[in-house]
Amino acid sequence: MYFPYDLRETIMKARFFIATIALAAGALMAKDYSGAELYSKETWMYGKFEARMQMAAGSGTVSSMFLYHNDSYLGAPEPWVEIDIEILGKNPNSFQSNIITGYGPGENTKIKSEKHHSINPASNESFHTYGIEWTPDYVAWTLDGQVVRKTIKGQGDNNQVQDLGKKPQGLRFNLWSHEDAGWVGAWNDNILPVYQFINWVKVYEYTPGQGDDGSDFKLQWTDDFKTFDTSRWSKGDWTFDGNRVDISPSNIYAKDGMVIIALTKKGQESFNGQVPQDPEGDAMLNNSLSQSSSSEQFTPPSSSSEQETGILQNRIKVQNREVRGTVNAKGARVSETNRAHYQVDFNY
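Calculation criteria
- Residues numbered from 1 in each chain as written.
- Predicted model: local features only at pLDDT ≥ 70, side-chain atom pairs only at ≥ 80, totals over all residues.
- Heavy atoms only, no water.
- Helix = DSSP H or I, 4+ residues; strand = E, 2+ residues; numbered from the N terminus.
- Areas by Shrake-Rupley, 256 points an atom, 1.4 Å probe, with all protein chains shown as cover.
- Polar contact = N/O pair within 3.5 Å; in protein donor to acceptor, adjacent residues only side chain to side chain.
- 1 Å grid on protein atoms, 1.4 Å probe; cavity = no way out; pocket = protein on both sides within 12 Å on 5 of 7 lines; lining within 4 Å.
- Points joined across faces, edges and corners; volume = space filled by probe spheres on them.
- Nonpolar A, V, L, I, M, F, W, Y, C, P; charged D, E, K, R; others polar.
- Buried < 20%, exposed > 50% of the residue type's maximum accessible area, 1.4 Å probe, protein only.
- Pairing = 2+ DSSP bridges.
- Phe/Tyr/Trp six-rings, centres within 6.5 Å; stacked < 30°, edge-to-face > 60°.
- Salt bridge = Lys/Arg side-chain N within 4 Å of Asp/Glu carboxyl O.
- Contact = heavy atoms within 4.5 Å.
- Core = buried A, V, L, I, M, F, W, Y, C linked by side-chain atoms within 4.5 Å.
- pLDDT = per-residue confidence, 0-100.

1. Structural notes on the overall build of the chain
The helix and strand inventory of the chain stands at five helices and 19 strands. Per element, the accessible surface of the chain, about 18,200 Å² overall, is 49% carbon and sulfur.

Structure, rendered in structure tokens:
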């Protein structure tokens, strides 16, 4: 149907006014629950991303790590670009991998490729190392260093790998609740609060043929969360369709060398519990930090020099590797914060 220009302009202004009022009303209708989203200020065109995490679980929840083009939500002409790792709370013994491309925000304009992968021990009972490799030729998902899925460009991928290359992506972690019980399970707020714990994050640049140990990825930075780096990370403060929670910056905490992401009832944003320990992840991190900070190989002292100096060696086996650390008089490894009280130190 044809409308004169002046009438079309009036209609457009009216639609804009109605949309603005609707958004304002939505903002005033605060939801009953608070989740959280941690996201990087930096974006990348390809790379490798690893995080050591113990995820949240509980029917109705989503606990995730993902890559995302920051303007995907705007819709055309901005493309939707996203790569997911998601723990659906109804089944913490697996994670869902997914690529989302196309155009948003409507679901019928997006292409998805969801698959599920077993986790043992369960994601909410133990720390695991989750990883995403994104290149122009493939996307791979890893669990504890093992590839569990690889989607290759042009091999039945519906052009998703190619379409991911339209925009750079940032790294994100969030904890929330979806309203679709068929996807995440029925909601019961008696499970609250629940938490996702992030021990460390590593980001690698995509450097074909010039990466670490002959790979295509070179370590760019590592964050061990001894402090919260505001130059690197931001906290979300929004919500979106299908989400029964408000994303609140008040539900992200840094404590005891970890970032904690919480899902709580509104007004109960807090963490007063005990941070779970991850000695295996700590050892893995310290070993890699030592290797990256020094080109010199560690040479253990000979048995004779040990007897002469009284130095006590301490070895901890982690995934078939020897790890050395600061030890006390009984040979037990001590934390980084307590190392000043001991005089014996072996570099990891």
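Let us keep going from here.
2. Regarding the side chain of Asp 246
Among the secondary structure elements, Asp 246 is positioned in strand S15 (residues 245-247). A distance of 3.0 Å separates the side chain of Asp 246 from the backbone nitrogen of Lys 31, its partner in a polar contact.

3. A short note on the layout of surface pockets
A water-sized probe rolled over the atoms picks out the places where empty space is left. In this structure, the largest pocket occupies an estimated 1,100 Å³ of space. Around the largest pocket, the lining is made up of 30 residues, and of these Tyr 68, Trp 80, Lys 110, Phe 240 and Asp 241 lie nearest the centre. At the level of elements, strand S3 (61-68), strand S4 (80-88), strand S5 (94-102), strand S6 (110-112) and strand S11 (169-177) are the ones that each hand at least two residues to the lining of the largest pocket. The element contributing the most residues to the lining of the largest pocket is S4, with four residues. When its residues are assigned to classes, the lining of the largest pocket shows ten nonpolar, seven polar and 13 charged.

4. Section: the pairing of strand S1 (residues 33-44)
With nine of twelve residues buried, S1 is to be regarded as a mostly interior element. Taken together, the three bridges between S1 and S15 define a ladder with parallel strand orientation. Residue Ser 34 lies in a different strand from S15, and its bridge partner there is Asp 246. Inspection of the sheet shows S1 paired to S11 by six bridges, in the antiparallel sense. By the bridge assignment for S11, Trp 44 is matched with Gln 169. Pairing between S1 and strand S14 (residues 233-235): three bridges, direction antiparallel. Bridged to Ser 40 within S14 is Trp 233.

5. Quick notes on the packing of aromatic side chains
In this structure the tally under the stated criterion is 18 aromatic pairs. Geometrically, the ring pair formed by Tyr 46 and Tyr 206 is edge-to-face, given 5.9 Å between the ring centres and 65° between the ring planes. Of this pair, Tyr 46 sits in the loop between S1 and strand S2 (47-54) while Tyr 206 sits in strand S12 (residues 194-206), and the two are 160 residues apart along the sequence. Given the relative accessible area of 16%, Tyr 46 is considered buried.

6. Describing the pattern of salt bridges
By the definition in use, this model includes eight salt bridges. We note a salt bridge from Lys 166 to Asp 163, for which the minimum N-O separation is 3.8 Å. The class of Lys 166 is partly exposed, set by a relative accessible area of 42%. A relative accessible area of 18% places Asp 163 in the buried class. What you see here is one network of salt bridges that share partners, running through Arg 52, Asp 144 and Asp 278.

7. Section: the environment of Val 161
Here Val 161 is to be found in helix H2 (residues 160-164). Residue Val 161 is classed as buried on the basis of its relative accessible area of 1%. Sequence separation between Val 161 and Val 139 is 22 residues, and the spatial gap between their C-alpha atoms is 6.9 Å. Once residues lying within four places of it in the same chain are set aside, the contact partners of Val 161 are Thr 135, Pro 136, Asp 137, Tyr 138, Val 139, Thr 151, Ile 152 and Lys 153.

8. Considerations on the pairing of strand S10 (residues 146-152)
Here six bridges tie strand S9 (residues 138-143) to S10, and the two strands are oriented antiparallel to one another. Each bridged residue has a counterpart across the sheet, and for Thr 142 the counterpart in S10 is Val 147.

9. Some remarks on the nonpolar core
Ranked by internal contacts, the top residues of the largest apolar core, which has 48 residues, are Met 65, Tyr 130, Val 139, Leu 171, Phe 173, Ile 198 and Val 201. In terms of residue count, the dominant contributor to this core is S4 (five residues). When residues no more than four places from it in sequence are discounted, the contact partners of Val 201 are Glu 50, Ala 51, Leu 171, Phe 173, Trp 221, Thr 222, Asp 223, Phe 225 and Trp 233. Tyr 195, Phe 197, Tyr 253 and Val 275 belong to the second largest nonpolar core, which has nine residues in total.

10. Focus: the confidence of the model for the chain
In this model, the chain carries a mean pLDDT of 82, and residues with pLDDT of at least 70 account for 75%. Contacts of residues 1-28 to residues separated by more than four positions or lying in other chains number three contacts, the stretch itself having pLDDT below 50. pLDDT under 50 marks residues 337-348. Its contacts with residues more than four places away, or in other chains, come to 31 contacts.

11. Quick notes on the side chain of Arg 52
You can see Arg 52 is positioned in strand S2. In terms of polar contacts, Arg 52 uses its side chain to reach the side chain of Thr 129, at 3.0 Å. What Arg 52 contacts, discounting residues up to four positions off in sequence, is Phe 127, His 128, Thr 129, Asp 144, Phe 197, Ile 198, Asn 199, Trp 200, Asp 278, Glu 280, Gly 281 and Met 284.

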